[in-house]
Amino acid sequence: MFVKTAERVVVVGGGIVGTSVAWRAAQAGYEVKLVDARPGTGASNVAGGMLAPIAEAWPGEEELLELGSASLQRWPEFAAELGRAAGRSAGLRTEGTLVVGVDSADRTDLDRLADYLSHRGREVTRLTARQLRELEPSLGPAVRGGLEVPGDLAVDNRAALAAARAAAEAAGVEFVAAAARQVAPGRVELAGSAVECDVAVLAAGAHSGELHPALRGRIRPVKGEVLRLRARPAALPPPSRTVRGPVHGRQVYLVPRDDGLVVGATQHEAGFDTEVTVGGVRDLIAGAEQVFPGISEYHLVEASAGLRPGTEDNLPAIGWLEPGVLVATGHHRNGFLLTPVTVDAVLGLLRGEQLPEEMKSADPSRWGGSSAGRH
């Protein structure tokens, strides 16, 4: 392995992954610039902020479960460090998650999930409808059973984004308000100019595939619509825990905020379309009302759509694309969850280290080509 310590780092992308990488790299002594025309306005701004590798586990995604679990363990320390560096809260919530179902088919899905997790060494607690309502009295009568996952966490995505931006600025990161056109060894091309560097870190989410030929066709946008609701004075308070699960087979989640809820999320293969549809809003409200009827008294503050950066196997891409170009993208629905392990891996690669064993499944070399730490 050829090791050369980089001095100038350019991070392309101002979501939670890119901003956190920029912060930690600057903190480690690198000269860092972050290139993004509108940092903090993409998928990270729309996200629900669930840190839920157990509740979101799926057969066939065992590597993602292991990776997510490893990152979840780092989140409390990561959030505390981010909060200290930013001088403000990173918005971590530790109340846990309930996964609920409303009909027999939903409950069968939850039984399968519990059995699958048990075989993977992750135990969850099966609860009756009465037990669920003892934990969260505001759950609706349609909820017939579920699972308690106390270890899964959540984070206020916008609080974490603001904290990451503040921490990056405090560490000396220079923000370049421009759109990247292409990422190449030693330079990031902008419209009519370029930013020179020793290493470029490509963390541009769903747009990453447009910026480097090795990612073309590998990263795709997956549209997700999300609602933000605020509790009005006479309304029931939101659940204290994240509540998610299948509602007549369609996934819905309710993530508490200090003043209300985030409700999500639809999932569509719709290219780079970020318009909110009437059908998407209808489906989210219908599903959420089955779980928590009290939302009918909430104020609908915002309906928005973001583009998750998806890959064929739902694993992120973290590693060298070529000498001088690192990638940290493709996190799909797990951008916030996987931020701590992604940041640690990128900082290690910048120092000339190998990709950690737990991250090998995310190495872009799985798509062919070389990925050793060469810059």
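Numbering of residues begins from 1 in every chain and follows the order in which that chain's sequence is written. This being a predicted model, a pLDDT of at least 70 is required before a residue's local features are given, and a value of 80 or more before pairs of side-chain atoms are given or counted; all residues contribute to the totals for chains, interfaces and linings. Only hydrogens and water are set aside when side-chain values are computed; all heavy atoms of the structure are taken into account.

Each helix is a run of H or I in the DSSP string that is no shorter than four residues. Each strand is a run of E no shorter than two, and both are numbered from the N terminus. The span one expects for a helix is its residue count, reduced by one, times 1.5 Å. An ideal rise of 1.5 Å per residue puts 20 Å on 14 residues; helix α7 (residues 278-291) measures up with 20 Å between its terminal C-alpha atoms. The buried label goes to any residue with under 20% of its type's maximum accessible area, the exposed label to any with over 50%, and the partly exposed label to all in between, with areas taken from a 1.4 Å probe on protein chains only. Considered for burial, the residues of α7 that qualify are G280, V281, L284, G287, A288 and V291. Seen along its axis, α7 keeps its buried residues to an arc of 140°; they face one direction. Looking at α7, the residues exposed on the side facing more than 90 degrees away from the buried face are V278 and R282. It is the directions from the helix axis to the C-beta atoms that the arc portrays.

To continue, consider the side chain of R93. Checked against the element boundaries, R93 lands in strand β4 (residues 92-93). On the basis of relative accessible area, R93 is assigned to the buried category, the value being 17%. By the criterion applied in these results, polar contacts are pairs of N or O atoms within 3.5 Å in which, for protein atoms, one can donate a hydrogen and the other can accept it, and in which residues neighboring in sequence qualify only through two side-chain atoms. Side-chain polar atoms of R93 contact the side chain of D258, separated by 3.2 Å. Whether two residues are in contact is decided by their heavy atoms: any pair within 4.5 Å suffices. Every residue in contact with R93, bar those within four places of it in the chain, is listed here: L153, A154, V155, S240, P256, R257 and D258.

We now examine the layout of surface pockets. Computed over the protein atoms alone on a 1 Å grid, cavities are sets of points where a 1.4 Å probe fits but cannot get out and pockets are open sets with protein on both sides within 12 Å along at least five of seven lines; a residue lines them when it has an atom within 4 Å of a point. Grid points are joined across faces, edges and corners, and a volume is the space filled by probe spheres set on the points. When its volume is computed, the second largest pocket comes out at roughly 190 Å³. Taken together, 13 residues form the lining of the second largest pocket, with R158, R228, R257, D259 and V262 sitting closest to its centre. Elements with a minimum of two residues in the lining of the second largest pocket: α6 (157-170), β14 (220-230), β17 (260-264) and β18 (299-310). Classification used: nonpolar for Ala, Val, Leu, Ile, Met, Phe, Trp, Tyr, Cys and Pro, charged for Asp, Glu, Lys and Arg, polar for all others including Gly. Across the lining of the second largest pocket, the residue classes tally to four nonpolar, two polar and seven charged.

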